[in-house]
Protein chains: 2
Amino acid sequence: MKIVNEQIAIDGIDKIILRQLMDDARKPILEIARQVGISGAAIHQRLRKLEKSGLISGSKFIVDPKILGYNTMAFVGIYLDRAMSNPKAVKQLEEIPEVLECHYTTGNWSIFIKILCKNNEHLMHLLNKKIQAIEGVSRTETFISLNQQIERQIQI
Amino acid sequence: MKIVNEQIAIDGIDKIILRQLMDDARKPILEIARQVGISGAAIHQRLRKLEKSGLISGSKFIVDPKILGYNTMAFVGIYLDRAMSNPKAVKQLEEIPEVLECHYTTGNWSIFIKILCKNNEHLMHLLNKKIQAIEGVSRTETFISLNQQIERQIQI
DNA sequence: GATGAAATCATTTACGA
DNA sequence: TCGTAAATGATTTCATC
């Protein structure tokens, strides 16, 4: 495997394979093979290379939360007391299934999270009863996503 | 298909199927069938039902951006001039591949985005030359994710 | 909803160019 | 890195319960 600047070298064919599978993880390898004009076994070999390199870190079915009634996405900046350890708070945030992302960030907030709830009532409950209940959380600042217009992975 | 409160009814078997495929989109249906103890054809039928309901919105290979040298994730709150139309700005943000998410939000910012760059230099270039260059962008506020501790979909 | 059987198609390995 | 070939395994459809 060629290494360039501590990165893997991925060529045009790798890119086509990746783009197709990033768009539809269950697309048959043979279908991609026919499209790019090499054998299925060759695609298979390339995929194993890409997996070994760590570039492909898995595959996922994507579910649409709206179908389950989750209509309100919000972001919450969290202020932690100086005494409170960040990892302890994160562990408690992990227990809240509505928390989809959690970041340790620069700036005023100690922690920044993305949450998904059914409606505003649900959001209020999460904030007041679950997040504020975490030891060390002194204050939160919330803003709601009224509409998500872009959602994608890094382009290959 | 049973409908409960304008939602689909998904039973325990559906949940197992979904959880497994949300974790690994290429897991063979027959393997799941053996695990839950019903036939492959039955799983197949259930998957078609779940797809038709819209709950399954697709599948994706997940790539690890770090392998490609993308090490700096940041969030940017964008202030737009009153005159500037939101959709026009979003269209220009779409042209910037480093923009992974874009939300229209409540609060002080008009637009809130998540971006992924290689390093701080790259981030600065994005902010100064690409994002600030968008017509109507008056000011931005940026904070960097030093570490992402949670990343997941809604739990089924 | 579930099943088994059958046809079609895909994955995976080994080996040689 | 690619291709072919062959074995195994998966998907998909259908008639039926």
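Rules and cut-offs
Residues numbered from 1 in each chain as written. Chains lettered and ligands numbered in written order. Predicted model: local features only at pLDDT ≥ 70, side-chain atom pairs only at ≥ 80, totals over all residues. Heavy atoms only, no water. Near = heavy atom within 4 Å. Polar contact = N/O pair within 3.5 Å; in protein donor to acceptor, adjacent residues only side chain to side chain. Helix = DSSP H or I, 4+ residues; strand = E, 2+ residues; numbered from the N terminus. Nonpolar A, V, L, I, M, F, W, Y, C, P; charged D, E, K, R; others polar. Phe/Tyr/Trp six-rings, centres within 6.5 Å; stacked < 30°, edge-to-face > 60°. Buried < 20%, exposed > 50% of the residue type's maximum accessible area, 1.4 Å probe, protein only. Lys NZ or Arg CZ within 6 Å of the ring centre and 35° of its normal.

In the annotation of an unreviewed UniProt entry, the entry for chain A reads AsnC family transcriptional regulator, and the organism field reads Leeuwenhoekiella aequorea.

1. Structural notes on the protein's contact with DNA strand D
As a structural note, the neighbourhood of DNA strand D is formed by 14 residues, with R26(A), S39(A), R46(A), I29(B) and L30(B) the closest of them. A share of 65% of the atoms of DNA strand D within 4 Å of the protein falls on sugar and phosphate groups. The separation between a phosphate oxygen of DNA strand D and a polar side-chain atom of R26(A) is 2.7 Å. Within the backbone of I29(B), one N or O atom sits 2.8 Å away from a phosphate oxygen of DNA strand D. Sorting the residues of the surface near DNA strand D by element identifies α3 (40-53) of chain A together with α2 (29-36) and α3 (40-53) of chain B as the ones contributing at least two each. The element that contributes the greatest number of residues to the surface near DNA strand D is α3(A), accounting for four residues. Here the residues of the surface near DNA strand D are counted per class, giving seven nonpolar, four polar and three charged.

2. With respect to the packing of aromatic side chains
On inspection of all chains with the given rule, the structure shows 15 aromatic pairs over all chains. Here the aromatic rings of W109(A) and F143(B) are separated by 5.3 Å at their centres, their planes lie at 90°, and the arrangement is edge-to-face. Of this pair, W109(A) sits in the loop between β5 (99-105) and β6 (111-117) while F143(B) sits in strand β7 (residues 137-151), each in a different chain. In this structure, W109(A) and F143(B) share a single accessibility class: buried. A connected cluster of aromatic rings, assembled from ring pairs, spans F75(A), W109(A), F112(A), F143(A), F75(B), W109(B), F112(B) and F143(B). The ring of Y79(A) has R139(A) sitting right over it, with the charged end atom 4.3 Å from the ring centre.

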